[in-house]
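Reading the structure
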Amino acid sequence: DVVLGTFTAPSGAGSFNIAGDLVYSGGTFTHNSGTVTINGNADSTLNGGSGLTLNNLTVSKTAATTTAAGTITVSGSLSVSGGTLNGGTSTINISGNWPNLGSSFVASSSTVVLNGTNQTISDANTFYNLTKNVTATSTLTFPASATTTVTGTLTLTGTSTGKLLLRSSVDGTPWKIDAQGTRTMSNLDVKDSNNINAASMNCLDGCDDSLNNTNWK
């Protein structure tokens, strides 16, 4: 197990490998543009405490689960090459793209915040809470033909001068959304979206319909 206070990780292509728990207790953790890899064959915990910022995060377990807690920011890439990442009660901030994790990500009661500019969600994924708020024009690209499921709260907002564009990875091919809980949406520009939930997606505050949308208002 590793308890992080003030610590500098290996730089660049270096990987900091942890087979047990990783707990951030405060102080200064310098990710040094490296990769933190959580491996091993036993279940473990990744606890970001009040705020742990990593560059790249890789979960590479052997038939085991890493459960997240606290606030974790990934400024580079997130990947799961083995085992399962359970979101637990965490808030996971992602500056890059959300990869195709499929069943290797279990949302539990976590919140995923997409805090980059132009970002992409790859293939079908299920989130508990999913958030992207922008103040300058940005694009969130969803996987064509696949379904993005949000079982908790979906929050997608732009501003009157900086809209959030929702687009398909293949222009003209619908992307599917199933937002099952609360929706908070404003100042969006939506195209090629098929809302497969029975309740319409009501985006009435500054939202633009760029056509080929189903079950949106």
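Refer to the structure printed above.
Residues numbered from 1 in each chain as written. Predicted model: local features only at pLDDT ≥ 70, side-chain atom pairs only at ≥ 80, totals over all residues. Heavy atoms only, no water.

1. Looking at the environment of leucine 78
Checked against the element boundaries, leucine 78 lands in strand 11 (residues 78-86). For the pair leucine 78 and asparagine 56, spaced 22 residues apart in sequence, the C-alpha separation works out to 6.0 Å. Not counting residues within four places of it along the chain, the set of residues in contact with leucine 78 comprises Leu57, Leu85, Ile94, Trp98, Pro99 and Leu101. (Helix = DSSP H or I, 4+ residues; strand = E, 2+ residues; numbered from the N terminus. Contact = heavy atoms within 4.5 Å.)

2. A look at the sheet that holds strand 19 (residues 147-150)
Across the sheet, which stays open at both edges, the four strands sit in the order 16-19-22-25 with parallel pairing between neighbours. Of all strands in the sheet, those bounded by a partner on one side alone are strand 16 (125-127) and strand 25 (193-195). Each strand of the sheet is rotated relative to its neighbour by a mean of 20°, with strand direction disregarded. As defined by bridge partners, strand 16 adjoins strand 19 across three bridges and the pair is classed as parallel. Of the residues in strand 19, the one forming a bridge with asparagine 125 is threonine 148. (Pairing = 2+ DSSP bridges. Axes fitted to C-alpha atoms, helices over the stretch in contact; angles between N-to-C directions.)

3. Side note on the environment of asparagine 197
Mapped onto the secondary structure, asparagine 197 falls in the loop between strand 25 and strand 26 (208-209). We classify asparagine 197 as buried; its relative accessible area is 17%. Considering only alpha carbons, one finds asparagine 197 and serine 168, 29 residues apart in sequence, at a separation of 18 Å. Excluding residues that lie within four positions of it along the chain, asparagine 197 makes contacts with Ile177, Asp178, Ala179, Gln180, Arg183 and Asn215. Side chain to side chain, asparagine 197 and arginine 183 meet in a polar contact 3.5 Å long. A distance of 3.0 Å separates a polar atom in the side chain of asparagine 197 from the backbone nitrogen of alanine 199. (Buried < 20%, exposed > 50% of the residue type's maximum accessible area, 1.4 Å probe, protein only. Polar contact = N/O pair within 3.5 Å; in protein donor to acceptor, adjacent residues only side chain to side chain.)

4. Comments concerning the side chain of asparagine 187
Inspection of the secondary structure puts asparagine 187 in the loop between strand 23 (183-186) and strand 24 (188-190). For asparagine 187, a relative accessible area of 12% puts it in the buried group.

5. Topic: unusual backbone geometry
Residue serine 33 is not a glycine yet carries a positive backbone phi of 60°. Position of serine 33 relative to the elements: it lies in the loop between strand 5 (29-30) and strand 6 (35-40). Residue serine 33 is classed as partly exposed on the basis of its relative accessible area, which comes to 44%. For serine 108, which is not glycine, the phi dihedral falls at a positive 50°. Turning to its location among the elements, serine 108 is positioned in the loop between strand 13 (105-106) and strand 14 (111-114). Given the relative accessible area of 38%, serine 108 is considered partly exposed.

6. Here's the deal with the pairing of strand 3 (residues 15-18)
What you see with strand 3 is a clean split: Phe16 and Ile18 sit on the buried side and Ser15 and Asn17 on the side with no burial. Where strand 3 lies against strand 6, four bridges are found, and the strand directions are parallel. Each residue of the ladder has a partner; that of asparagine 17, found in strand 6, is threonine 37.

7. Structural notes on the pattern of salt bridges
Here the structure, examined in full by the defined rule, presents three salt bridges. Note that aspartate 208 and lysine 163 form a salt bridge whose closest N and O atoms lie 3.0 Å from each other. Of the two residues, aspartate 208 sits in strand 26 while lysine 163 sits in the loop between strand 20 (154-157) and strand 21 (164-168), which places them 45 residues apart along the sequence. With a relative accessible area of 17%, lysine 163 lands in the buried category. Across the pair aspartate 171 and lysine 191 runs a salt bridge whose closest N-O atoms are separated by 2.8 Å. Of the two residues, aspartate 171 is situated in the loop between strand 21 and strand 22 (175-179) and lysine 191 in the loop between strand 24 and strand 25; the sequence distance between them amounts to 20 residues. Classification of aspartate 171 as exposed rests on a relative accessible area of 60%. (Salt bridge = Lys/Arg side-chain N within 4 Å of Asp/Glu carboxyl O.)

Don't take any of this as a statement about function, it's just geometry.
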